[in-house]
Amino acid sequence: MSSPSHHPITLTPSHPVTLPPRHTHHVLEVRDLVVHYHTTRGAVQAVNGVSFDIREGERLGLVGESGSGKSTIALALLRLIRPPGRIESGEMLLEGVDLLSLYEEEMRRVRLAKIALVAQGAMNSLNPVLRVKEQIRDGLKDHGIQLSPRALADRVAELLNSVGLRRDVANMFPHELSGGMKQRVCIAIAISLRPKLIIADEPTSALDVVVQRQVMDTLLAVQEDLGASIILIGHDMGLMAQVVDRVGIMYAGNLAEVSPVSDLFRAPLHPYSNLLIASLPSLEEKGAFQGIPGLPPSLLNRPTGCAFRTRCPHAMEHCAVVTPHLREVEPERRVSCHLYENEWSRESA
Amino acid sequence: MTALLEARHVTKVFGGGRFAKAPGTVALDDFSFRVDAEPPTITAIVGESGSGKTTLARLLLGLAAPTSGEVLYRGQDVQRLSGDERRRFLRDVQVIFQDPYEVYNPFYKVDHVLETPIKKFRLAPSREKARQLMEETLNAVGLRPDETLGRHPHQLSGGQRQRIMVARALLLQPRLIIADEPVSMVDASLRATILESLRQLHLKFGISILYITHDLTTAYQISQNILVMYRGEVAEVGDVDLVVKQPRHPYTQLLVQSIPKADPNHPWHGHEIPVDPSAPVAAVTHGCKFADRCPYVMDISRQQRPPLFRTDERRAAACFLYKESPQLEGTDLEQVMAVPLVPGV
């Protein structure tokens, strides 16, 4: 299948050109996702019943400490969890289709074409002995797109252009590129099939601040251009504040809070969200940041009740007994905390 | 007064050489800097990758030799210290590296990294005393000995491991700790704790700290003076409050603007002249190294290397925008560094 060289990157030409208004329907719905890693000492409950959804064109942030399960969610969405890890249960509906029901071959076709990943050390995931254009070609070829050398060169140039790189980068090897440029190449590969959903797992954590902003701008520009949704995973709350529409705060394999970003920073609901925001050093005030005392619980034997209670300044007796569930307590805002017990009106789905 | 540790006109070039095809990379360019023994200070060295900050740390630690210039420890070249002097140097100047995962041998318990210096430098006369010393040191950095001693590295979090590194440095009662990106690999929620333990060492034990980082916010939080480096040279230097709150050098301004503020109502602003990121970095032989990225570039910046202009009492910037200000005399950056408060205040 060969497409005209001037409008190359179209996988589904039948798709309507007019995009539906932003934030109307859900691209992805995740229901009660459970992922365990089975070790000799028992099952590590890395993701423990997480539900969220993402709307068309939306930017969702997933924030948490190391070990909170955020990267496991990214891998689970692509069904790339390797043994000893396993997706135990749940549903992941991409445009209504449960990814867990697909055969492996079908899933392989979804990766890159529908869901693309920009991984944390993506710049180190480039093949050191292949030129940039060959790495971009591999993705297209794997998804059945055969192009003449000329059409391929045009498409590669167009992709590189869309991430702000010059045409001749196509002929370079990864070692000839800086970290920021390599990360852009990875973004170019990720968008090469116009995915519906981009998962960016700490895409800029290895980059300098100035380059971080440039790479982030590039990523968001191509995301808007494609009308794709993005899940941005990270632990930098500053970056989240600048970039995403909604934030999900992860703690010990569960979502502690999901709120629109402005509400979250104005009035965090979960005590953990509050501490996380307070732990940010600021340029305005000296000494205004503090660490969160204590450590996250072991995911091998999860404590009873709320996982955060040992570090929580508001812990009550109740918290040790009953596990809180994510509930809608304000419009668009969900929190998993007993402090909001009386306020909730309806349990979120 | 002899400085504790001093870099004098240090240049470090990687690669190049007589048979090389390309000229070498200048990591540090005629750089002078010193840390006095008294009073103790916290100085931040800030720059992007490639600014030469880690090279500087390695030179100061004697792990690399400068191409030209010299690094002096109490007036003696660190590359040629006598046995006794070297032992003293190894105690006086301690380092904390970036990666709290790589510095441990996974086969040993974490006790090992604390026991080794105790044995090497005979810090304790007996096992009991050694144990006591280890416990005291761990307490000083906010760790509970019963939760850390006897464990293997993989049983501890990144933050705990990094604080054990701080404890190890403290054990030798150094005069100076060089901390090279000590928190860049730990979770944001733990950064504050580690930086606080470093600050406590400074306040309680009068240890000077050289905090090397790419993160202006944490530098602002813990240091008194700051040195902003760009491609091996000082772009701006001085009192941290002045440099961070009212940056003068266009590069510092760019850095400050690039920090994502944790406030959705404060959009990420700042406009850099869009530079083609894939354009090869031209070797700058004349003129300001920042000229290609600078929104205020002038003719003179292309022709001459800007010296440090003393824009304020406690700050200097290497930019011709401030050519009306007097030039910093000599190479002594100390002139613009704020004198710290007496420790314990």
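The residue numbers shown here count from 1 along each chain, following its written sequence. In the order they appear in the text, chains get letters beginning with A and ligands get numbers beginning with 1. Local features in this predicted model are restricted to residues of pLDDT 70 or higher, and side-chain atom pairs are both shown and tallied only at a pLDDT of 80 or more, whereas totals for entire chains, interfaces and linings draw on every residue. Processing note: side-chain calculations cover all non-hydrogen atoms of the structure and skip hydrogens and water entirely.

Enquirer: Help me out: how do you make sense of the sheet that holds strand β4 (residues 68-73) of chain B in this one?
Expert: Residue and element names in this part refer to chain B. A pair of strands is considered paired only if DSSP assigns at least 2 bridges between the two. Secondary structure elements are taken from DSSP: a helix is a run of H or I of four residues or more, a strand is a run of E of two residues or more, and numbering for both begins at the N terminus. If you trace the four strands from one edge of the open sheet to the other, you get β2-β1-β4-β5, paired in antiparallel fashion. Single-partner strands in this sheet number two, and they are β2 (25-36) and β5 (76-77). By definition, residues are in contact when any of their heavy atoms lie within 4.5 Å. Only the stretch in contact is used when a helix axis is fitted, and all axes are lines through C-alpha atoms; the angle between N-to-C directions ranges over 0 to 180 degrees. The strands that helix α1 (residues 53-60) touches are β1 (3-14), β2 and β4; relative to β1, the one it contacts most, it runs at about 125°. Packed onto the sheet, helix α2 (residues 83-92) meets β1, β4 and β5 and runs at close to 85° relative to β4.

Enquirer: Is there a simple way to explain the pairing of strand β10 (residues 254-260) of chain A in this structure?
Expert: Residue and element names in this part refer to chain A. Each residue gets one of three labels from its accessible area relative to the maximum for its type: buried under 20%, exposed over 50%, partly exposed in between, using a 1.4 Å probe on protein chains only. Of all seven residues that make up β10, six are buried, and the element is covered over most of its length. With six bridges connecting them, strand β9 (residues 246-251) and β10 associate as antiparallel partners. When the bridges of β10 are listed, R246 appears paired with P260. The turn linking β9 back onto β10 is made up of two residues, and A252 within it adopts a positive phi angle of 45°. Where β10 and strand β12 (residues 333-335) come together, two bridges link them in antiparallel fashion.

Enquirer: What should I look at first to understand the interface of chain A and chain B in this one?
Expert: By a widespread convention, an interface's size corresponds to the accessible area lost as its parts come together. Each side of the interface is counted separately: chain A has 43 residues, and chain B has 47 residues. Put simply, buried area is the surface a 1.4 Å probe can reach on two separate parts but cannot reach once they are joined, added for both. At the boundary of chain A with chain B, total buried surface from both sides reaches about 3600 Å², with 58% on carbon and sulfur atoms. Looking only at chain A, the three residues that lose the most surface to chain B are R213(A), Q242(A) and L283(A), adding up to 22% of its buried area. In the sections that follow, a salt bridge refers to a side-chain nitrogen of Lys or Arg positioned within 4 Å of a carboxyl oxygen of Asp or Glu. Our count for the contact surface shared by chain A and chain B stands at zero salt bridges.

Enquirer: Explain the packing of aromatic side chains to me, please; I cannot follow it from the model alone.
Expert: How two aromatic rings sit relative to each other is set out by the distance from centre to centre and by the angle between their planes. Working definition: a ring pair exists when centres of Phe, Tyr or Trp rings (six-membered ring for Trp) sit within 6.5 Å. Plane angles under 30 degrees give stacked, over 60 give edge-to-face, the rest tilted. Applying the stated rule across the entire model yields nine aromatic pairs over all chains. Each member of the aromatic cluster is reached from another via a ring pair, and the members are Y251(A), Y272(A) and F308(A).

Enquirer: It is not clear to me how unusual backbone geometry should be interpreted in this structure. Could you clarify?
Expert: Peptide bonds are, in most cases, trans, and in most cases residues other than glycine have a negative phi. In this structure, P84(A) follows P83(A) across a cis peptide bond, with omega equal to 5°. With respect to the helices and strands, P84(A) occurs in the loop between α1 (70-77) and β4 (85-94). A cis amide bond links E38(B) to the next residue, P39(B), at an omega of -15°. Among the secondary structure elements, P39(B) is positioned in the loop between β2 and β3 (42-46).

Enquirer: Would you explain the pairing of strand β8 (residues 208-213) of chain B in this entry?
Expert: Looking along a regular strand, one sees the side chains alternate between the two faces of the sheet. All names here are of chain B. The element β8 is largely enclosed, with a buried count of six among its six residues. In this structure, β3 lies alongside β8, joined through five bridges in parallel fashion. Directly across from V46, in β8, lies its bridge partner T213. By convention, a crossover is right-handed whenever its connection, traced from the first strand over the helix to the second and viewed with the strands pointing away, goes clockwise. As for the winding sense of the linkage, the β-α-β connection from strand β7 (residues 176-180) through helix α7 (residues 188-205) to β8 is right-handed.

Enquirer: I keep staring at the sheet that holds strand β5 (residues 97-98) of chain A and nothing clicks. Help me out?
Expert: Within a sheet, each strand pairs with its neighbour through backbone hydrogen bonds, oriented either parallel or antiparallel. Residue and element names in this part refer to chain A. As summarised here, the arrangement of the four strands in space is β2-β1-β4-β5, forming an open sheet in which the pairing is antiparallel. Strands with a single pairing partner mark the edges of an open sheet, and in this sheet they are β2 (42-55) and β5. Relative to β2, strand β1 (residues 26-39) runs antiparallel, the two being bridged by 11 bridges. Bridging from a neighbouring strand, T39 pairs with G42 of β2. Where α1 meets the sheet, it contacts β1, β2 and β4, and its direction lies at approximately 110° from that of β1.

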